[in-house]
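# Geometric and topological summary
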Amino acid sequence: MTIRLPRLRTLLTRKWLVGLLFVPMMAMALPADRQQPIKINSDSADIDNRKGVSVYRGDVVMTQGTTRITGDIITIYTRDREVTKVIAQGNKARAYYEELQSGEQGTVQAWGNTIRYDVNSDQIELIKNAQLSQKGDTFKGEKIHYNVTLQTVNAKGTPNQGESGRVQMVIQPRQEKATVNKP
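Residues numbered from 1 in each chain as written. Predicted model: local features only at pLDDT ≥ 70, side-chain atom pairs only at ≥ 80, totals over all residues. Heavy atoms only, no water.

### Observations regarding the nonpolar core
- If you look at the biggest cluster of nonpolar residues, it comprises 24 residues, and the most contacted ones within it are I69, I74, V86, Y97, I124, L126 and L132.
- If sequence neighbours within four positions are ignored, I124 has contacts with Y97, I115, R116, Y117, I144, H145, Y146 and V148. (Core = buried A, V, L, I, M, F, W, Y, C linked by side-chain atoms within 4.5 Å. Buried < 20%, exposed > 50% of the residue type's maximum accessible area, 1.4 Å probe, protein only. Contact = heavy atoms within 4.5 Å.)

Here it is, written out as structure tokens:
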């Protein structure tokens, strides 16, 4: 079977245009996390709708789209049925936060004895035994502030603890794009 060049160009152009239709859906998939329902599994729940405070206890797992938060206790603050703040506490193990970022940024993973997530300002505060990882880059310290929108990290160590109290970082080298050798 032979395909004439003009017909081949038309077919390729149509496939390319159809492919472009899917790009906006892929780009919007992660910001759409906020439009997904919040799912929570816990051993117990205390909810006070008047105050806008819900406390979940016992191996709590909270998910919303690609966002996942775990802890022994998770407290959710709401205003007009919108989540404004989430505080996760870990007693047996550190509290945990993860979220798939848009583009090639990968997954952000965060640990701390306490994690405070301010939804409105898109900032995460990791307190005690704090650790933040993304694409192999790792930050460890006593306290870490992470701005999800701006992708900025502010880490603090523990004074007077010597080497173990200092901020520790591992930053991966930039990956070179693979080049194809042409003969």
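Having seen the model, we can carry on.
### Digging into the pattern of salt bridges
- Following the criterion strictly, the structure yields four salt bridges and no others.
- With a closest N to O distance of 2.8 Å, R57 and D46 form a salt bridge. Here R57 is found in strand 3 (residues 53–64), whereas its partner D46 is found in strand 2 (residues 44–48), with eleven residues between them in sequence.
- You can call R57 partly exposed: its relative accessible area is 36%.
- Residue classification places D46 among the partly exposed positions, given a relative accessible area of 45%.
- Of the charged contacts, one joins E125 and K143 as a salt bridge, the two residues approaching to 3.5 Å between their closest N and O atoms. Taken as a pair, E125 in strand 9 (residues 123–134) and K143 in strand 10 (residues 137–147) lie far apart in primary sequence, 18 residues in all.
- Assessed through its relative accessible area of 31%, K143 is described here as partly exposed.
- The network of salt bridges with shared partners includes R116, E125 and K143. (Salt bridge = Lys/Arg side-chain N within 4 Å of Asp/Glu carboxyl O. Helix = DSSP H or I, 4+ residues; strand = E, 2+ residues; numbered from the N terminus.)

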